[in-house]
Amino acid sequence: MIIIERPGPLTTVQDLGRPGLAHLGVGRSGAADRASLTLANRLVGNDEGAACLEITLGGLVARFERAATVALTGAAAVVRLDGIEQAMSAPLAVRAGATLALGVPAHGIRTYLAVRGGLDVPPVLGSRSTDLLAGLGPDPVRPGTRIPVGNTLLPYPGVDVAAVAGPPRDPVLRIYAGPRDDWFGAEALAVLCTQPYEVSPASDRVGLRLTGPPLARSRSEELPSEGMVEGALQVPPDGEPVLFLADHPVTGGYPVIAVVEPADIPIAAQSRPGDRLRFQLSRL
């Protein structure tokens, strides 16, 4: 068991989610930054999709009942085992009874903790992920939460440390024109790709609410609800876009002006309130 002494602002169990169930009204969910989750799992010899802890803005303190091998990736913060500082993006040997403490990241927002064997919470619809919008999966962890560790193991990767660059300081996200870009004025995509947008404090795992130049619509009628995807830039009546992340709704009634390149979504998922994002139009 891993015993959570302090969870920080928000810590949830995440894996690669529940793909393929949108027609049933169930979103994928899973890790907001899948690239960091899969790296953490590879470092400890897990399947890439094993369940990990997604730690938002650090602050986690956890005690290990038994010896374990762990790795932390994503937003970099000070990591200490029994008070001794350790490396990020590297396998760490944890003795039985040891306490791991994670500081607050200086940049980025989500850190991933993988434990060799994976976290063995009960799966729901094929995934151990916590979907905060749908209320599926385990509850967010609290002080005293006990999380069992599984025993599904792959060979050790034989890597001491993964040389991974942190999230970019001034990210530029590639986008493609969306299915409803014709609902906006001719200049709207140019505005989106010319001016920076700031991440609002109202952002969460559902999406990033962005503040910046409003995107003017050319059509005022209501749009029937239609399917939504991760990375969609949906524009509500105030003209300021919302970038959907892992826990996004499966349908929405506001027009989607653009969709973010899937490979850039982990960058977006590491953005924190006050960060600025820029967009660059790509062609399919």
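Each remark here, short or long, concerns the structure printed above.
Formed by 27 residues in total, the largest nonpolar core has its most connected members in Leu 53 and Val 70. Of all elements in the fold, only strand 1 (2-7), strand 3 (52-56), strand 4 (60-64), strand 5 (68-74), strand 6 (79-81), strand 8 (92-94), strand 9 (99-102) and strand 10 (110-115) reach the threshold of two or more residues within this core. In this structure Leu 53 touches Ile 4, Thr 11, Thr 12, Val 13, Leu 60, Thr 111, Tyr 112, Leu 113, Leu 119, Val 141 and Ile 147, once residues within four positions along its chain are discounted. Listed in part, the 24 residues of the second largest apolar core include Tyr 197, Leu 233, Ile 257 and Ala 258.

This part covers the side chain of Gln 234. Following the sequence through the fold, Gln 234 ends up in strand 16 (residues 232-234). When near neighbours in sequence (up to four residues on either side) are disregarded, Gln 234 contacts Met 228, Glu 240, Pro 241, Val 242, Phe 244, Gly 252, Gly 253, Tyr 254, Pro 255 and Val 256.

Before going further, it helps to spend a moment on the pattern of salt bridges. All chains considered together, the criterion is met by 13 salt bridges. Taking the shortest distance from any N to any O, the salt bridge between Arg 63 and Glu 5 comes out at 3.1 Å. Of the two residues, Arg 63 sits in strand 4 while Glu 5 sits in strand 1, which places them 58 residues apart along the sequence. Between Glu 221 and Arg 219 there is a salt bridge; the shortest N-O distance is 2.7 Å. A relative accessible area of 32% places Arg 219 in the partly exposed class. Sharing partners across several salt bridges, the network here consists of Glu 54, Arg 110, Arg 205 and Asp 247.

Under the definition given, this model contains one aromatic pair. For the cation-ring pair, Arg 116 lies above Tyr 156, with the distance from its terminal atom to the ring centre recorded as 3.9 Å.

To continue, consider the sheet that holds strand 1. Across the sheet, which stays open at both edges, the six strands sit in the order 7-6-9-4-1-11 with antiparallel pairing between neighbours. Looking at which strands have only one partner, the edges of the open sheet turn out to be strand 7 (84-86) and strand 11 (146-147). As judged from the three bridges shared by strand 6 and strand 7, these two strands associate in the antiparallel manner. What sits directly across from Leu 81, in strand 7, is Ile 84.

All right, on to the sheet that holds strand 17 (residues 242-244) then. If you walk around this closed barrel you meet the seven strands as 12-19-16-17-14-13-20, and the pairing is mixed. Strand-to-strand twist of the sheet, defined as the mean angle between neighbouring strand axes without regard to direction, takes the value 40 degrees. By the bridge criterion, three bridges tie strand 16 to strand 19 (residues 256-260) in an arrangement that is antiparallel. Its bridge partner lying in strand 19, Ala 232 is registered against Val 259.

Relative to the helices and strands, Arg 278 is located in strand 20 (residues 276-281). Residue Arg 278 is classed as partly exposed on the basis of its relative accessible area, which comes to 38%. Contact partners of Arg 278, with chain neighbours within four places excluded, come to Pro 171, Val 172, Leu 173, Thr 194, Gln 195 and Pro 196.

What follows concerns unusual backbone geometry. Phi is positive for Ser 29, close to 60 degrees, though the residue is something other than glycine. Of note in the backbone geometry, Leu 57 takes a positive phi value of approximately 60 degrees without being a glycine. Counting through the fold element by element, Leu 57 comes out in the loop between strand 3 and strand 4. Given the relative accessible area of 27%, Leu 57 is considered partly exposed.

In this fold, Thr 69 is placed in strand 5. Side-chain polar atoms of Thr 69 contact the side chain of Tyr 156, separated by 3.4 Å. For Thr 69, the contacting residues outside a window of four places in its chain are Val 44, Pro 91, Leu 92, Ala 114, Val 115, Arg 116 and Tyr 156.

Definitions and limits used
- Residues numbered from 1 in each chain as written.
- Predicted model: local features only at pLDDT ≥ 70, side-chain atom pairs only at ≥ 80, totals over all residues.
- Heavy atoms only, no water.
- Core = buried A, V, L, I, M, F, W, Y, C linked by side-chain atoms within 4.5 Å.
- Buried < 20%, exposed > 50% of the residue type's maximum accessible area, 1.4 Å probe, protein only.
- Helix = DSSP H or I, 4+ residues; strand = E, 2+ residues; numbered from the N terminus.
- Contact = heavy atoms within 4.5 Å.
- Salt bridge = Lys/Arg side-chain N within 4 Å of Asp/Glu carboxyl O.
- Phe/Tyr/Trp six-rings, centres within 6.5 Å; stacked < 30°, edge-to-face > 60°.
- Lys NZ or Arg CZ within 6 Å of the ring centre and 35° of its normal.
- Pairing = 2+ DSSP bridges.
- Axes fitted to C-alpha atoms, helices over the stretch in contact; angles between N-to-C directions.
- Polar contact = N/O pair within 3.5 Å; in protein donor to acceptor, adjacent residues only side chain to side chain.

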